[in-house]
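Architecture and fold: a report
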Amino acid sequence: MPTLSFPDGFLWGTATSSHQIEGGNVNNDWWDFEHAPGTICKESSGDGCDSWHRWPEDLDLLASLGFGSYRFSLEWSRIEPAEGEWSLAALDHYRRILAGCLERGLVPNVTFNHFTLPRWLAGRGGWEAPEAPERFARFCERATGHLGDLIGRACTINEPNIVALMGYLVTVFPPGVSDAGRRRAVNESLCRAHRLAAAAIRSGPGEFPVGLALSMTDYQAVDGGEERRDRIRRSAEDVFLEATAGDDFLGIQTYTRMEIGPEGMRLPAPGARITQMGYENWPDALEACIRRAWDVTGGMPLVVTESGIGTADDTERVTFVGQALAGVRRCIDDGIDISGFTYWSLLDNFEWTAGYVPRFGLVEVDRETFERTPKPSAHWLGQVARSNRVELPD
Ligand code: GCO
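Reference entry: report on the structure contained in this document.

1. A word on the state of the cysteines
Under the counting rule described, the total for this entry stands at zero disulfides. Free cysteine C140: the closest other cysteine sulfur is in C155, separated by 12 Å. Residue C155 is classed as buried on the basis of its relative accessible area of 0%.

Structure, rendered in C-alpha cells:
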C-alpha cells in the first residue's frame, strides 16, 4: 500500500457554512429564493443541521476524529439584521464558537460571506447595489472588531465567481437572472468587495492570514476549444485571481473538471462516473487547479479550503479524497506552497437548490433528531489528519 506523508504543520480540516447547517436563517436572500412561488429549490433549508444550537457537538466530533481546523462562516443577516443594526448576541454566539475551536485545538478559519445576503441588502439589488461593497466592508470591520483576536485564518467571500455565475447567468442562485452584462458588473462588485473587506479585516484586532476562497474548475479544451475555454475561464476565474494581489493566501475549492469544445461546455461523456451533483467524479481536477492558481498568481501561498464529493457511497468518498490528495502531494513535491486540506463538508447538509439530497458529509445527520453519525470516511480522514499520512489503496 503506497503511503504519502505530508509536511509538518500541514493542516487538516473540514468546512461548513452558516446557511447550510445553522437552521432558521429566515432573514436572507436564500430563504426567500427557497420559498418563492415556482422556485427551482427542491426544499427549504428549514432547520439545517440545527448547528446554531449543536455547534459544540460538531466541534467535539471534529476534534475527537483528529482534525486540526474548522472552516465556518458568519451569517451576515444575523449579525446585521437591519441596515446598521448590530446584534451583539449574534456576534457573541460566533465568539463562543471561535473560543470553542481554540479550546479543542482547532484552528478557526472564518468565512465572512458564504453566498447569503441580508434581506435589506438583497432588496436594494444585492451585489448590484452601488453601496454593497462598502456595506460588506463595514460588516467585516464590525465583526473583526468583536472576533478578530480569536480568528486563525479569514476568507473574505466564498466563491464570488459562483455567486455571479449562478445568480446572474445560470439562474440557479438568487436573484435567478440571466444577463451577461449584469454578471460582469457583479463580478466587478465582488472583486471590489473582496479588496475592501480584506483591508477592513486587516485593520482590526488579531494577526492572521486573509484571503479569498475561489471556486476553480479544471477547464479542459477539447477539439480545438482553447479560445472558448480561455474566454470562459477569464470571467469565471481569472478576474478573481487578479483581485487577490496582495492577499496572504488563496483558498482553492475544486470539485471537478469540465471539457470545453469550440461550441462551449460539454456534458460528461457517456459512461463517465457522475456524482450526485450531476458533474463528473474527477479527483485529479484538484491538482490541475492548484498548479494553475500557483502559475497565475505568481506563487501565492495556497490552502485547499474545499474539496469533496457528493455521494451516497462512502467508499467512493475515500477513494476520491485519496486520489485528490495524491495530486496535492505531487504539487508539494514540485515546490508549490500548499499548507492545508479542508474537506467539504463535515456534515450532510443543505446543498442549495438541490436541498438535502447530495451527501457531501463525513458525518450523517438524522433529519428528524439531528443525531450525528460519523461515516467510515470520517474515521479514515481523521486518521490521515492525526498521522499526517495517507495510506492509498493499491
Ligand atoms: C460551494 C460552496 C458549498 C457547496 C459545496 C458543494 O463550493 O459551492 O462553498 O456551499 O455546498 O461546494 O457543492
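2. Quick notes on unusual backbone geometry
Of note, the amide linkage connecting P174 to P175 takes the cis form, showing an omega dihedral of 5°. Considering the arrangement of structural elements, one finds P175 in the loop between α8 (160–168) and α9 (180–202). Residues other than glycine seldom take positive phi values, yet D50 does so here, at roughly 55°. Mapped onto the elements of the fold, D50 is located in the loop between α2 (29–35) and α3 (51–65).

3. Comments concerning the site of the ligand
For the ligand, the set of nearby residues contains 13 residues, the closest of which are Q20, H114, E159, E306 and E351. Y255 places a side-chain nitrogen or oxygen 3.0 Å from an oxygen atom of the ligand. A distance of 2.6 Å separates an oxygen atom of the ligand from a polar atom in the side chain of E351. Across the complex, the protein chains shield 93% of the 310 Å² of accessible surface that the ligand would expose by itself. For the shell around the ligand, the class distribution of residues is six nonpolar, four polar and three charged.

4. Overview of the packing of aromatic side chains
Considering all chains together, one arrives at 21 aromatic pairs under this definition. Measuring from ring centre to ring centre gives 5.9 Å for W52 and Y94, while their planes differ by 80°; the resulting arrangement is edge-to-face. On the criterion of sequence distance, the pair formed by W52 in helix α3 and Y94 in helix α5 (residues 88–103) is long-range, its members being 42 residues apart. Across the pair, Y94 and W52 agree in class, each one buried. Centre to centre, the rings of W76 and W120 are 6.1 Å apart; their planes meet at 90°, and the pair counts as edge-to-face. On the criterion of sequence distance, the pair formed by W76 in helix α4 (residues 76–79) and W120 in helix α6 (residues 119–122) is long-range, its members being 44 residues apart. On the accessibility criterion, W76 (1% relative accessible area) is buried. Note on W120: relative accessible area 14%, which makes it buried. Grouping aromatic residues by their ring pairs yields a cluster made of W30, F33, F115, F173, F350, W352 and Y356.

5. Details of the pattern of salt bridges
Following the criterion strictly, the structure yields 31 salt bridges and no others. One salt bridge connects R266 with D223, and the closest N-O pair in it is separated by 2.8 Å. You can see R266 sitting in the loop between β10 (264–265) and α11 (285–296) and its partner D223 sitting in the loop between β7 (218–221) and α10 (226–243), a full 43 residues away along the chain. Look at R266 and you get partly exposed, because its relative accessible area is 28%. Within this structure, E80, E83, R124, E131, R135 and R138 form a network of salt bridges that share partners.

The rules behind these values
Residues numbered from 1 in each chain as written. Predicted model: local features only at pLDDT ≥ 70, side-chain atom pairs only at ≥ 80, totals over all residues. Heavy atoms only, no water. Disulfide = S-S within 2.5 Å. Buried < 20%, exposed > 50% of the residue type's maximum accessible area, 1.4 Å probe, protein only. Helix = DSSP H or I, 4+ residues; strand = E, 2+ residues; numbered from the N terminus. Near = heavy atom within 4 Å. Polar contact = N/O pair within 3.5 Å; in protein donor to acceptor, adjacent residues only side chain to side chain. Areas by Shrake-Rupley, 256 points an atom, 1.4 Å probe, with all protein chains shown as cover. Nonpolar A, V, L, I, M, F, W, Y, C, P; charged D, E, K, R; others polar. Phe/Tyr/Trp six-rings, centres within 6.5 Å; stacked < 30°, edge-to-face > 60°. Salt bridge = Lys/Arg side-chain N within 4 Å of Asp/Glu carboxyl O.

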